[in-house]
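Tertiary structure, described
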Amino acid sequence: MGSEVEAQEFSRADRTRHREKVRQCLDVFARMLREAAFDTDDPMTGLEIELNLVNDLGDPALKNAEALALIADEDFQTELGQFNVEINVPPRHLRDGGFAAYEEGLRRSLNDAESRSARAGAHMVMIGILPTLAEGHMSPASLSSNPRYALLSDQILAARGEDIVIDVQGVERLRTTADSIVPEAACTSTQLHVQTSPEEFAPYWNASQVIAALQLAVGANSPYLLGKELWRETRIPLFEQATDTRSEELKAQGVRPRVWFGERWITSVFDLFEENVRYFPALLPVTEDEDPLAVLEAGQVPELAELRLHNGTIYRWNRPVYDIAGGVPHLRVENRVLAAGPTVVDTMANAAFYFGLVRSLAGAQRPVWSRMSFSAAEENFHVAARQGIDAQVYWPEVGQVPATELVLRRLLDQAHEGLAAWGVESQESDRLLGIIEQRCLQGTNGAEWFASRVRSHGSAITTEEALRRTLVEYRDLMHTNEPVHTWPA
């Protein structure tokens, strides 16, 4: 959500004042894009990973407060559900062994955190949705204790005016209701950040939208929810529905959802912030004292707190971020498409594929999005979320093509070129993109492995027991850091 928010109630006057302040922030942001010096000289990348907590049997462990107290590391933070935690990995450059440093640091932090949290009976699992979640976990009692989460849940339910309906048709069908946003907590993600200049932001965001479907196809890792086999990346429909503030009537009127792919290619980062202000009412109308125009005219950098908080409650799959580091403003694309895992090295391979491909496509003389409708990119996105490694997608000059074939024949080469432009050594690129290549050749990613292992148990045990046993096996294999395509079938 972008910042801490205390529990409170909001009046009509609060909302009016907040709207005016958000619009003032937007005007100041527009002026900054024209006049201010953003940090663009040496772009950084970043990484955040949301994790699930389970007990020894593989069932959800609602113990993030105890786990975080034992971990005692400021890089680990609370998340929406008591069965979630998040690790924020320090940003870095990709050159000079950046991926190896990411991988080594992440493994070291996670192994240390696991050894500490295990004392509370909470083990960490990198998977998009815990397959062992049950209806009983989908209650307000599962929310983390931080008041911002209960406040956000209350505001979404108040805006909606009725319970949240979750209805996903996949291999099986799941239909249920919830009286809080706890189903959102079931959706844990890897968030990849890429810093850009204001001039380059639009190409990077457009490229991120184009390749989101391919990320899902090769990296899907969320095939189950509440005992049902659904989409290969069930996080996508679940997150879209779990935070939907619209009634059925508003949907019919074409009101935009707060979780959305978007509706057009952009020409500036301002397009996205302006859409967010124009289309979406504030969920958390908290107003600060800062006068952003006065701060800017005094030669300082405004926080734009209201605009940032509002932006943090609109869940684009590729989200624009305005932030300040060392007193200098910068812009980032936050890629929120993928789940974590199955292993750290798999996560690094997903990151290499994204960072390399987005840089290559963003720098192309004739951008792929200039030859592709936005609606085609959105359809690709949902097809890939549903079908995973077996998805067929549309690509300019190719037409409908298996996602794996497109990756193997065209996109891996472009990802290699992009990584070289970042300064990544070819040995590192070959190692990580080789994992993506093998997933495509073998037709295996996290979702495929998990669903296949559950089915291999047959009817000798219940689905719930098969999910539990498979998750325990998954967690053991996760600790080997061997990529998922090498796991026993």
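Each remark here, short or long, concerns the structure printed above.
All figures in this text were calculated on a predicted structure; none of them were measured in a lab.

Per the counting criterion, the structure on display carries 3 cavities of 30 Å³ or more. Of the pockets and cavities examined, the largest cavity occupies roughly 60 Å³. Looking at the largest cavity, the residues that line it are Glu-135, Met-138, Ile-166, Leu-174, Thr-176, Thr-177, Ala-178, Pro-183, Leu-225, Leu-226 and Leu-238. With 4 residues, strand β6 (residues 173-178) is the largest single contributor of residues to the lining of the largest cavity. Along the lines of polarity and charge, the residues of the lining of the largest cavity split into 8 nonpolar, 2 polar and 1 charged.

Interhelical geometry of helix α6 (residues 198-219) versus helix α14 (residues 403-422) gives an angle of 130° and a closest axis separation of 12 Å. Of the possible angle classes, the one that applies to α6 and α14 is oblique. Taken as a pair, α6 and α14 cross one another with a handedness that is left-handed. Facing α6, whose interface residues are Tyr-204, Leu-214, Ala-217 and Val-218, α14 presents Ala-403, Leu-406, Val-407, Leu-411 and Trp-422.

Where strand β1 (residues 45-54) and strand β3 (residues 84-92) come together, 7 bridges link them in antiparallel fashion. Counterpart to Glu-48 in the pairing with β3 is Asn-88. Bridge count for strand β2 (residues 76-78) against β3 is 3 bridges, and the pairing is antiparallel. Along β3, the bridge assignment pairs Phe-76 with Ile-87. Here β2 hands over to β3 after 5 residues, the two strands then running antiparallel side by side.

Rules behind the numbers
Residues numbered from 1 in each chain as written. Predicted model: local features only at pLDDT ≥ 70, side-chain atom pairs only at ≥ 80, totals over all residues. Heavy atoms only, no water. 1 Å grid on protein atoms, 1.4 Å probe; cavity = no way out; pocket = protein on both sides within 12 Å on 5 of 7 lines; lining within 4 Å. Points joined across faces, edges and corners; volume = space filled by probe spheres on them. Helix = DSSP H or I, 4+ residues; strand = E, 2+ residues; numbered from the N terminus. Nonpolar A, V, L, I, M, F, W, Y, C, P; charged D, E, K, R; others polar. Axes fitted to C-alpha atoms, helices over the stretch in contact; angles between N-to-C directions. Parallel < 35°, antiparallel > 145°, perpendicular 65-115°, else oblique. Left-handed = near helix turned anticlockwise from the far one by under 90°. Contact = heavy atoms within 4.5 Å. Pairing = 2+ DSSP bridges.

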